[in-house]
Amino acid sequence: GESQLAKIIKMAESWLEKHNDVLNYDSRRNGKLCLPLIRLHTIVEEVNQIPLNIGNPSTKMNRIFSQADEWMKKYYPLLKRCGIECIYVPSCADPASDYSSKTLKISELASAITDADSNVSVDLEEVL
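Predicted model, so just to flag it, every value in this text is computed and none were measured.

Each value, and the rule that gives it
- Residues numbered from 1 in each chain as written.
- Predicted model: local features only at pLDDT ≥ 70, side-chain atom pairs only at ≥ 80, totals over all residues.
- Heavy atoms only, no water.
- Helix = DSSP H or I, 4+ residues; strand = E, 2+ residues; numbered from the N terminus.
- Buried < 20%, exposed > 50% of the residue type's maximum accessible area, 1.4 Å probe, protein only.
- Disulfide = S-S within 2.5 Å.
- Salt bridge = Lys/Arg side-chain N within 4 Å of Asp/Glu carboxyl O.

Colleague: Is there a simple way to explain the environment of I113 in this structure?
Modeller: By the element assignment, I113 lies in helix α6 (residues 106-119). A residue is classified by how much of its surface remains accessible, and I113, at 53% relative accessible area, is exposed. Sequence separation of I113 and Y75 is 38 residues, and the distance between their C-alpha atoms is 10.0 Å.

Structural data, given as structure tokens:
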């Protein structure tokens, strides 16, 4: 009962405090936040373990992670072809695959950059 509720509230408060730097980042003043995708994944995994609706912070982090994950799924082969090692590997990717055999095109890189600028609300540290 009451002790379980207190534990859940403590979990939520702890999560909010731990990730305060990300949750309260002002991108209008400071530009896009730069984070590794693995940290975004960890933040979302942690909040999804809390059996409480935390509201906007939870929704915001899930949305940001979803945007970044979709981008990574789409461009993971391109990143591998560029020789960029990623700690976070999207579920659809085959990290053992040899992506290096296909020639890189400037248009592919430009497309990935434009897509990231338009559809991902943070800069992914892996690709800077």
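Colleague: Hey, could you run me through the state of the cysteines in this one?
Modeller: Two cysteines joined by a covalent bond between their sulfur atoms form a disulfide. All told, the structure shown has 0 disulfides when counted by the stated rule. Cysteine C82 shares no disulfide, and the gap to the nearest cysteine sulfur, in C86, comes to 10 Å. The exposure class of C82 is partly exposed, given its relative accessible area of 32%.

Colleague: Just checking my understanding: could you explain the pattern of salt bridges for this structure?
Modeller: Think of it this way: side chains of opposite charge can pair up when their charged atoms draw near. Scanning the model with the defined rule gives 7 salt bridges in all. Between D115 and K74 there is a salt bridge, with its nearest N and O atoms 3.4 Å apart. Note that D115 is positioned in helix α6 and K74 in helix α5 (residues 56-81), a separation of 41 residues in sequence. Assessed through its relative accessible area of 54%, K74 is described here as exposed. R81 is the partner of E108 in a salt bridge, and the nearest nitrogen-oxygen pair spans 2.8 Å. With E108 in helix α6 and R81 in helix α5, the pair connects residues that are 27 residues apart, well separated along the chain. Ionic contacts of the salt-bridge type, sharing partners, join the residues D69, E70 and K73 into one network.

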